[in-house]
Amino acid sequence: MRETFLPFGLPLIGQEEIDEVVDTLKSGWITTGPKTQRFEEKFKNYIGSAHALAVNSCTAGLHLALAALGVGAGDEVITSTLTFCATANVIVHLGATPVLADIGDDLNIDPDEVKRRITPKTRGVIPVHIGGRPCKMDALLTIARENNLFVVEDAAHAVGARYKGRRIGTLSEAAAFSFYPIKNMTTAEGGMVTTNREDLAEKMRVLSLHGISKDAWKRYTDKGSWYYEVLEAGYKYNMTDLQASLGIHQLDKLEDFIKTRKRYADIFTRALKELEAIEVPSEDELTYSAWHLYAIKLNLNRLTIDRERFIEELRAENIGSSVHFIPLHRHPYYRQRWGFRAEDFPVAEEAYKRIVSLPLYPRMTEGDVEDVIAAVQRVVGKHST
Ligand SMILES: *Cc1c(COP(=O)(O)O)cnc(C)c1O
């Protein structure tokens, strides 16, 4: 057995990031400024979107996108039940009604379930690319076009992912990415929202810094002026240059990070598909996954233990793991305030009992990957029917 605990996720920060942060600290300009601008420029070029706005979280990016699209009281917005609470919380923050849809086998939102939940009040859809694997975007974009809905993607897991060769972040009205420490790249806390629409980009930029007119951050530079105007009651969602210092170099490394993730995912799949108690994640031709997560499904009829016990046994083997996610319809707030019921989400309910996310990140060594495999094999071996 492994002697030390392997955490579920860890960031990989190099000397380049450290040097850039130190340079920023010494420069005297530590909040939004030239480094944030450089990061936005690089990110936009990498994704291929017309605009990119750096913000202090993916949650902030989602909130800004919906606010810029005018979501408000009386509106309904559809999203997946299998997501992090932030995706739906921002709908509530704007006074709108969250509508949850069930998922498909790929753990992503099921376009047919979206269709079934459209009402005259529906304004848009927020697909979530779970684990970095893109949703069925053609179907979703067609449904959106036919029903005059917007699509805003929760791309928290999907930086670097592609759908039919096109990078996530270019396909819809807007996409929000997360740079939380264990996401595919990190700025400690932070996010980016991309769009191809000039009007949305401008609106989100104004809303991200108190609703103050364009380039408000420049007011303390030699190019700035003391005068500004508040155009809307905006938010405080700007990214700092300290965070952008990390982002600039993390972005340079992202392609290699994803290649390592994919290589490790392939090693997992080769070994674990031999076990009858384990269903490995499926892949398809249309998508290039960013492999943020490696989520297995337990074949519970082949095991004498449940998912909770499986995770405990992995922990006893010194392997951290997690569950992505507890479906939103199971949380007290969403159950009680919005009346969601488990019966309406049969696929998510079934998946939730079976899913386990194994550690998958570029800071792991191949030895760590082998340790995870050995631990899974031992737990399955002990508890197979
Ligand atoms: C992490 C995550 C978020 C939130 O990202 P932050 O940058 O922490 O705001 C939103 N949606 C999903 C699916 C996530 O996993």
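Structure: see above.
Draft legend 1. Representation of empty space enclosed by the protein in the model. Applying the stated criterion to the full structure yields 2 cavities of 30 Å³ or more. Looking at the largest cavity, its volume works out to about 90 Å³. F8, G9, L10, I182, R261, H292, L293, Y294, S357, L358, L360 and Y361 together form the lining of the largest cavity. The class makeup of the residues in the lining of the largest cavity is 8 nonpolar, 3 polar and 1 charged.

Draft legend 2. Structural view of the packing of aromatic side chains. Inspection of the entire model under this criterion finds 11 aromatic pairs. Aromatic side chains F39 and F179 sit 5.6 Å apart centroid to centroid with 50° between the ring planes, which places their arrangement in the tilted category. With a gap of 140 residues between them, F39 in helix 2 (residues 34-47) and F179 in the loop between strand 8 (174-178) and strand 9 (191-195) connect regions that are remote in the sequence. What makes F39 buried here is its relative accessible area of 0%. Relative accessible area serves as the criterion here: at 0%, F179 is assigned to the buried category. The interplanar angle of 70° and the centroid separation of 5.8 Å between the aromatic rings of F43 and F179 together place this pair among those described as edge-to-face. One end of the pair, F43, is in helix 2; the other, F179, is in the loop between strand 8 and strand 9, with 136 residues separating them in the sequence. Classification of F43 by relative accessible area gives buried; the value is 0%. Grouping aromatic residues by their ring pairs yields a cluster made of F39, F43, F177 and F179. Lying over the aromatic face of Y288, R162 brings its terminal NZ or CZ to 4.5 Å of the ring centre. When the ring centre of Y352 is taken as origin, the NZ or CZ atom of R307, which lies over that ring, is 4.6 Å away.

Rules used throughout
- Residues numbered from 1 in each chain as written.
- Predicted model: local features only at pLDDT ≥ 70, side-chain atom pairs only at ≥ 80, totals over all residues.
- Heavy atoms only, no water.
- 1 Å grid on protein atoms, 1.4 Å probe; cavity = no way out; pocket = protein on both sides within 12 Å on 5 of 7 lines; lining within 4 Å.
- Points joined across faces, edges and corners; volume = space filled by probe spheres on them.
- Nonpolar A, V, L, I, M, F, W, Y, C, P; charged D, E, K, R; others polar.
- Phe/Tyr/Trp six-rings, centres within 6.5 Å; stacked < 30°, edge-to-face > 60°.
- Helix = DSSP H or I, 4+ residues; strand = E, 2+ residues; numbered from the N terminus.
- Buried < 20%, exposed > 50% of the residue type's maximum accessible area, 1.4 Å probe, protein only.
- Lys NZ or Arg CZ within 6 Å of the ring centre and 35° of its normal.

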